[in-house]
Amino acid sequence: MRYISTRGTAPVLTFEEAMLTGLARDGGLYVPEDIPTLSKDEIGAMTGQSYEEIAYTVMRPFIGDTFGDDQFRKLIAKAYAGFGHAARAPLVQLAPNHFLLELFHGPTLAFKDFAMQIIGQMFQAALSRSGNRVTIVGATSGDTGSAAIEAFRGLDAVDVFILYPHGRVSEVQRRQMTTPTESNVHAIAVDGDFDDCQAAVKDMFNDFAFREEVSLAGVNSINWGRVLAQVVYYFSSAVSLGAPGREVSYTVPTGNFGDIFAGYIAKRMGLPIKDLVVATNQNDILHRTLETGAYTKEGVLPSISPSMDIQVSSNFERALFDGYDRNGAAVASQMEDLKSGGFKISQGAYQTLKDTYKSGRASEDETSAAISTYIKAHGELLCPHSAVGVHVAEGHLGTTTMVTLATAHPAKFPAAVEAATGIHPPLPPRMADLYERDERVTRVANDLAAIQTIIRDGIA
Ligand SMILES: *Cc1c(COP(=O)(O)O)cnc(C)c1O
């Protein structure tokens, strides 16, 4: 299996290289050259299988000879052993034709754990084979950073530094980043906002001497390995609901477009998915793009579903690439226009995208109302991101079974949940002592040189 860039000019890579590299050298994102398909019989055989067995079948064709079969099975087993639910991604029924896919039973209570846990195992296995070490540096508004620290803690081929905006992540998110005791993981609180953190990371990747010196690597949401891991729960859930014999639709709370794009890959692999519905909060650039064909940046408005507060949706480039029949030059030119505010998608590509994705948005009031309604009428306490999902899903219910992805546990966003319902969502018992653990964090000014010094000292 070979990986090509969405902008068409970067070197073609293996799975291992694409995973360790992240962003392509031409600025594009890596995608598989061909999408492997599974037959109806192969999909049918997943009925009753464990999540781990399904994960193996779905991911195996994409990884080439990066890992042997037995080794890959072991990595998968380790990745999901720390989840708090035997099904890993259980389904809960909300209404006769509407199900919730609970993706928050991992160690940091958000769906990011599904991808980050297996990425941690794959990085460690690939690096210890080659004898290399890398330094992972990432910026987070909360969920990605906590999932990364949790996934890489104690792995000896990797040091991890996560930059987060001081005072602007929830207490649960902060404690998940600052309480792990392993010396290879480091939380850095930057006096600035999320954009400052992201800019600092970008500057470090562009500082080639530093990049070389510390063997910089990234695991942000454009990493193909992360998208691939997310394809699995579309299969496990659809098969539980009768696939390949029955079609299923999905509504996905969306920010950087990684999760919904994984659903599209599942469909391309042969899973009978009818609709893929993009659900956005008030930062509705993706919904507007799918309605109008024009991608136009506006300012980010902070919302109660902060993990979806974006203007530039990084994985949308992968969707665009397929919309343009995999014409890398066309994608590169649109991304150039994005620098000056936006771009207009050509008629043919726009039609393809509209045939592939539906969309909807939830305002702040609609999100709160959904949290309140779903505990009263459906017995389910939702996090604000999942509430955006069910609100949008309601506009797309029909004869096909709808599955809405629940992307985080309500206890990860207690303030919004309590404001909407009066209920303070408790942490699951296995992490109930989170508030008692000691915190370890380095606070730093929004200054690149100071951040780089912390990283140099941290890996020494
Ligand atoms: C990251 C995240 C999202 C958005 O997922 P994308 O793959 O970026 O579209 C939604 N909800 C929660 C809770 C998240 O952490």
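The structure contained in this document is the topic of the report that follows. The shown structure was predicted, so the numbers you read here are calculated from the model rather than taken from an experiment.

Within the chain, the regular secondary structure consists of 19 helices and 15 strands. The dimensions of the chain, computed from C-alpha atoms along their principal axes, are 60 × 50 × 50 Å. Looking at the 460 residues of the chain, the share that counts as buried comes to 58%. Intrachain contacts of the chain at a sequence separation of at least 6 include 74% that bridge at least 24 residues. When the accessible surface of the chain is split by element, carbon and sulfur atoms take 49% of a total near 17500 Å². In the chain, 39 positive and 53 negative side-chain charges are present, and the distance between their average locations comes to 2 Å.

Let us now look at the site of the ligand. With respect to spatial proximity, 15 residues lie near the ligand, and among them Lys112, Asp143, Gly255, Asn256 and Thr407 are the closest. Lysine 112 has a polar side-chain atom sitting 2.6 Å from an oxygen atom of the ligand. Backbone polar atom of glycine 258 to an oxygen atom of the ligand: 3.2 Å apart, as the coordinates give it. For the ligand, whose unbound accessible area comes to 380 Å², protein coverage reaches 96%. Its residues assigned to classes, the shell around the ligand shows five nonpolar, seven polar and three charged.

Read from one edge to the other, the open sheet built from five strands follows the order 8-5-6-7-15, with strand pairing classed as parallel. Edge strands, defined here as strands with exactly one partner in the open sheet, are strand 8 (216-217) and strand 15 (442-445). Taken together, the two bridges between strand 5 (residues 134-139) and strand 8 define a ladder with parallel strand orientation. Pairing of isoleucine 136 across the sheet is with alanine 217, part of strand 8. The sheet strands contacting helix 7 (residues 171-178) are strand 6 (158-165) and strand 7 (185-191), and the helix crosses strand 6 at an angle near 155°. Sitting on the sheet, helix 19 (residues 448-459) is in contact with strand 5, strand 6, strand 7 and strand 15, with an inclination near 150° to strand 6.

At their nearest, the axes of helix 3 (residues 51-59) and helix 10 (residues 224-240) sit 9 Å apart, and the two run at 120° to each other. Between helix 3 and helix 10, the interaxial angle falls into the category oblique. Crossing hand, helix 3 versus helix 10: right-handed. Contact residues: helix 3 offers Tyr51, Ile54, Ala55, Val58 and Met59, while helix 10 offers Leu228, Ala229, Val231, Val232, Tyr233, Phe235 and Ser236. Among the residues making up the contact of helix 3 with helix 10, the classes are represented as 11 nonpolar, one polar and no charged.

What follows is about unusual backbone geometry. For the bond running from alanine 243 to proline 244, omega is 5°, close enough to zero to count as cis. Along the polypeptide, proline 244 turns up in the loop between helix 10 and strand 9 (248-253). Even without being glycine, serine 215 reaches a positive phi, approximately 50°. For serine 215, the position within the fold is in the loop between helix 9 (208-214) and strand 8. By relative accessible area, which is 32% here, serine 215 ends up partly exposed.

Another point: the side chain of asparagine 283. Inspection of the secondary structure assignment puts asparagine 283 in the loop between strand 10 (273-280) and helix 12 (285-292). Here asparagine 283 falls in the buried class, since its relative accessible area comes to 4%.

Looking now at the pattern of salt bridges. Where side chains of opposite charge bring their charged atoms close, a pairing between them can arise. Counting across every chain of the model gives 24 salt bridges. The closest approach of N and O atoms between glutamate 150 and arginine 153, which form a salt bridge, is 3.0 Å. In this structure, the salt-bridge partner of aspartate 284 is arginine 361, at a minimum N-O distance of 2.9 Å. Of this pair, aspartate 284 sits in the loop between strand 10 and helix 12 while arginine 361 is found in strand 13 (residues 358-361), placing the two residues 77 residues apart along the sequence. On the basis of relative accessibility, which here comes to 11%, the residue aspartate 284 falls in the buried class. Each member of the salt-bridge network shares a partner with another, and the members are Glu171, Arg174, Arg175 and Glu439.

Strand order in the open sheet formed by six strands is 3-4-14-9-10-13, and the pairing between neighbours is mixed. Of all strands in the sheet, those bounded by a partner on one side alone are strand 3 (91-95) and strand 13. When the angles between neighbouring strand axes are averaged without regard to direction, this sheet yields 25°. Sheet topology note: the strand 3/strand 4 (residues 98-102) ladder contains four bridges and is antiparallel. Across the sheet, glutamine 93 pairs through a bridge with phenylalanine 99, a residue of strand 4.

This part takes up the pairing of strand 4. Of all five residues that make up strand 4, five are buried, and the element is covered over most of its length. Side chains of strand 4 alternate between two faces, with His98, Leu100 and Glu102 and Phe99 and Leu101 buried alike. Remark: two residues form the turn of the hairpin made by strand 3 and strand 4, two consecutive strands paired antiparallel. Strand direction decides the pairing type here: strand 4 and strand 14 (residues 401-406), joined by five bridges, are parallel. By the bridge assignment for strand 14, glutamate 102 is matched with alanine 406.

Grouped together as the largest cluster of nonpolar side chains are 114 residues, with contacts concentrated most on Phe123, Phe152, Tyr233, Tyr234, Phe235, Tyr250 and Tyr357. Top element by residues in this core is helix 10. It accounts for 11 residues. With sequence-adjacent residues up to four places away left out, tyrosine 250 is seen in contact with Tyr234, Ser237, Ala238, Ile273, Asp275, Leu276, Val277, Met402, Val403 and Leu405. Grouped together as the second largest cluster of nonpolar side chains are 17 residues, Val137, Leu163, Val201 and Met204 included.

What counts, and at which threshold
- Residues numbered from 1 in each chain as written.
- Predicted model: local features only at pLDDT ≥ 70, side-chain atom pairs only at ≥ 80, totals over all residues.
- Heavy atoms only, no water.
- Helix = DSSP H or I, 4+ residues; strand = E, 2+ residues; numbered from the N terminus.
- Buried < 20%, exposed > 50% of the residue type's maximum accessible area, 1.4 Å probe, protein only.
- Contact = heavy atoms within 4.5 Å.
- Areas by Shrake-Rupley, 256 points an atom, 1.4 Å probe, with all protein chains shown as cover.
- Lys, Arg positive; Asp, Glu negative; His and termini not counted.
- Charge placed at Lys NZ, Arg CZ, Asp CG, Glu CD.
- Near = heavy atom within 4 Å.
- Polar contact = N/O pair within 3.5 Å; in protein donor to acceptor, adjacent residues only side chain to side chain.
- Nonpolar A, V, L, I, M, F, W, Y, C, P; charged D, E, K, R; others polar.
- Pairing = 2+ DSSP bridges.
- Axes fitted to C-alpha atoms, helices over the stretch in contact; angles between N-to-C directions.
- Parallel < 35°, antiparallel > 145°, perpendicular 65-115°, else oblique.
- Left-handed = near helix turned anticlockwise from the far one by under 90°.
- Salt bridge = Lys/Arg side-chain N within 4 Å of Asp/Glu carboxyl O.
- Core = buried A, V, L, I, M, F, W, Y, C linked by side-chain atoms within 4.5 Å.

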